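Examination of the molecular architecture
Below, each chain spelled out in residue letters.
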Amino acid sequence: MKLPHTGRALADAAPVPYWLDRPERPDPLPPLAGPHDADLLVVGGGYSGLWTALLAKEADPDRDVLLVEAGTCGWAASGRNGGFCAASLTHGLANGVDRFPGEIDELERLGRENLAAIAATVARHDIDCDFERTGELAVAVEPYQLAGLAEDAELARRYGHDVRLLDRDEVRAEVDSPTYLGGMWDRDRVALLDPAKLAWGLRRAALDLGVRLHEHTRVTGLRRDGGALRATTAGGPDGAPGVVRARQVVLATNAFPPLLRRLRAWLVPVYDYALMTEPLTPVQRKAIGWANRQGLADVGNQFHYYRITADGRILFGGYDAVYHYGNRMAPELAQRPATFTALAEHFFTTFPQLAGLRFSHRWGGVIDTCTRFCAFFGTAYEGRLAYAAGFTGLGVGATRFGARVMLDLLGGKETPLTRLDLVRSKPLPFPPEPFRAAGINLTRWSLARADARQGRRNGWLRTLDRLGLGFDS
Ligand SMILES: Cc1cc2nc3c(=O)[nH]c(=O)nc-3n(C[C@H](O)[C@H](O)[C@H](O)COP(=O)(O)OP(=O)(O)OC[C@H]3O[C@@H](n4cnc5c(N)ncnc54)[C@H](O)[C@@H]3O)c2cc1C
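Residues numbered from 1 in each chain as written. Predicted model: local features only at pLDDT ≥ 70, side-chain atom pairs only at ≥ 80, totals over all residues. Heavy atoms only, no water.

So, about the overall build of the chain. Of regular secondary structure, the chain possesses 13 helices and 18 strands. For the chain, the C-alpha radius of gyration of 22 Å lies close to 23 Å, the compact-globule estimate for 473 residues. Referenced to the eigenvectors of the C-alpha coordinate spread, the extents of the chain come out at roughly 65 × 45 × 45 Å. Each of the 473 residues in the chain was classed as buried or not, and the buried ones make up 56%. Taking the contacts inside the chain whose residues are at least 6 apart along the sequence as the reference set, 75% of them involve residues at least 24 apart. Accessible surface, the chain as shown: approximately 18,900 Å² in total, 54% of it carbon and sulfur. Between the averaged position of the 57 positive side-chain charges in the chain and that of its 55 negative side-chain charges there is a distance of 4 Å. (Helix = DSSP H or I, 4+ residues; strand = E, 2+ residues; numbered from the N terminus. Rg over C-alpha atoms; globule rule 2.2 N^0.38 Å. Buried < 20%, exposed > 50% of the residue type's maximum accessible area, 1.4 Å probe, protein only. Contact = heavy atoms within 4.5 Å. Areas by Shrake-Rupley, 256 points an atom, 1.4 Å probe, with all protein chains shown as cover. Lys, Arg positive; Asp, Glu negative; His and termini not counted. Charge placed at Lys NZ, Arg CZ, Asp CG, Glu CD.)

Here it is, written out as structure tokens:
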């Protein structure tokens, strides 16, 4: 349905991520130039790289840690996400139960511990990122979704989650949308935070502990150098190259073209999009309720996620998850007018009371999808390099766990983390092009069709389900 006010609502939206478009954004640090040595080189300054550098220094203040970032810390997924910081390490409990039935209890325990440790780090390093333990409210917007929510609630309770199943009136008493038919409020497994402020806070904490950090420094190649690794960089003053000779390297480059060839088979970059509204007036806020400020998500295959910010705006994202042939990534792909129009229409369908509200920002970003939807890990160069990737759309919390795993892998000894099947196993690879794009697009089409047909999955999706394969964001 095309709503008359969506064009107007989007007319002045700035084509940049709201979170990054604020005066708190730190000035960039100088690029690396010339030769350097390090005990540990971290490549990538999103959450994965920042957590790795911080945890490495916290564990051993004498370890010489150097982090290089191709742009500025947090400019990519880490500074443009929804800010849902989930305890789950497995892209949700159901995915974890399906894929790791033998150790899901342990993964749930580690996930809870990870979320608590994030909260503790935020407090210890005084990171001002509006961290709120609000939980997440999943809402059914089609009658067939109610049975799925009840099953999810039962599963969640079995694993000790504090969940409440809400009927139509109860869910509308929390957040008032005429589209809601019921909901499940998971009250302690998700926190909301300000994503860019978390990245900037971790960057500052890492610098305070003595991590050496260079921005606008892209690693262009890696090779062996005796008992160490040698990374060449571009981006120094006037594009001058730099060189780092490091005993150990962590790759924290998410969906970006990987420096290790083998990672290409397991990863596809997928564009996900979001809108931010202006701050709501007290009258607009009263019209929707939302006093408990939960993160919200509807439960279709093509789902929306949305939340309130500290200054009373609404972030509304999701629905489309777009893959470009050949793993293509480019700055212009972060803008997609058709998706923004669809999101704006869905927003006003969800909250017709807010007609007239305008969007201040529109943006997209890339997530690193793999076929099992949760991170995989590994080493290369005789254990001198470790990587973690494939967080899909749920890496805000899980990247800290990924950083711990990478540091354990570099330690070279078996630990409770490196023993996990989650850490030892790999997802099934994606096929090469042109089958990759064909398969992903057929899957996306089938998922949209299932949403339109009361969740009924076609033969293609049922085959993927049997093989444990899929496409998600
Ligand atoms: C729109 C959107 C919404 C999302 N919403 C949520 C959410 O609500 N909750 C959630 O849990 N997850 C969400 N995610 C996913 C989450 O943001 C990511 O899983 C997480 O930020 C990944 O962190 P990262 O450090 O691995 O990657 P990134 O933040 O992408 O960082 C990787 C960094 O590596 C750098 N780099 C790459 N190659 C090189 C190189 N050769 N040399 C030097 N540097 C390099 C890049 O410049 C980049 O800064 C969302 C993602 C998007 C895009």
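Tallied over the full model, the rule gives 0 disulfides. Note on Cys 73: no disulfide assigned, nearest cysteine sulfur contributed by Cys 129 at a separation of 16 Å. Residue class for Cys 73 comes out buried when judged on its relative accessible area of 3%. The thiol sulfur of Cys 374 is not disulfide-bonded, and the nearest other cysteine sulfur, from Cys 370, lies at 6.1 Å. By relative accessible area, which is 1% here, Cys 374 ends up buried. (Disulfide = S-S within 2.5 Å.)

A few words on the site of the ligand. Around the ligand sit 38 residues, and of these Ser 48, Glu 69, Trp 75, Ser 78 and Phe 84 come closest. At 2.8 Å from an oxygen atom of the ligand is found a side-chain nitrogen or oxygen belonging to Trp 75. Between the ligand and the protein, one listed contact pairs an oxygen atom with a backbone N or O atom of Gly 395 at 3.0 Å. Isolated, the ligand exposes 1,000 Å² of accessible area, and the fraction of that covered by the protein chains is 98%. Of all the secondary-structure elements, those providing two or more residues to the shell around the ligand are α2 (47-59), β9 (218-225) and β16 (359-369). (Near = heavy atom within 4 Å. Polar contact = N/O pair within 3.5 Å; in protein donor to acceptor, adjacent residues only side chain to side chain.)

Moving on, we get to the packing of α2 against helix α7 (residues 195-208). Packing of α2 against α7 leaves a shortest axis separation of 9 Å and a crossing angle of 30 degrees. With respect to α7, the axis of α2 lies roughly parallel. When the axes of α2 and α7 are compared, the crossing they make is left-handed. The residues of α7 that touch α2, namely those facing Tyr 47, Leu 50, Trp 51 and Leu 54, are Pro 195, Leu 198, Ala 199, Leu 202, Arg 203, Ala 205 and Ala 206. Taken together, the residues of the contact of α2 with α7 sort by class into 10 nonpolar, no polar and 1 charged. (Axes fitted to C-alpha atoms, helices over the stretch in contact; angles between N-to-C directions. Parallel < 35°, antiparallel > 145°, perpendicular 65-115°, else oblique. Left-handed = near helix turned anticlockwise from the far one by under 90°. Nonpolar A, V, L, I, M, F, W, Y, C, P; charged D, E, K, R; others polar.)

As a further point, take the environment of Gly 210. Within the fold, Gly 210 resides in the loop between α7 and β8 (212-214). Distance from Gly 210 to Ala 53, taken between C-alpha atoms, is 9.7 Å for residues 157 residues apart in sequence.

Aromatic ring pairs are described here by two measures, namely the spacing of the ring centres and the angle between the planes. The tally for this structure, following the rule as stated, stands at 17 aromatic pairs. Aromatic side chains Trp 290 and Tyr 306 sit 6.2 Å apart centroid to centroid with 85 degrees between the ring planes, which places their arrangement in the edge-to-face category. One end of the pair, Trp 290, is in the loop between α8 (282-288) and β13 (295-298); the other, Tyr 306, is in strand β14 (residues 304-308), with 16 residues separating them in the sequence. Between Tyr 306 and Phe 351, the aromatic rings sit 6.0 Å apart at their centres with planes inclined by 80 degrees, giving edge-to-face as the arrangement. Taken as a pair, Tyr 306 in strand β14 and Phe 351 in the loop between α9 (337-350) and β16 lie far apart in primary sequence, 45 residues in all. Given a relative accessible area of 0%, Phe 351 falls into the buried group. Of the aromatic side chains, those joined through ring pairs into one cluster are Trp 290, Tyr 306, Phe 316, Phe 347, Phe 348, Phe 351 and Phe 359. Between Arg 187 and the ring centre of Trp 185, over which it is positioned, the NZ or CZ distance is 5.5 Å. Between Arg 400 and the ring centre of Trp 51, over which it is positioned, the NZ or CZ distance is 5.7 Å. (Phe/Tyr/Trp six-rings, centres within 6.5 Å; stacked < 30°, edge-to-face > 60°. Lys NZ or Arg CZ within 6 Å of the ring centre and 35° of its normal.)

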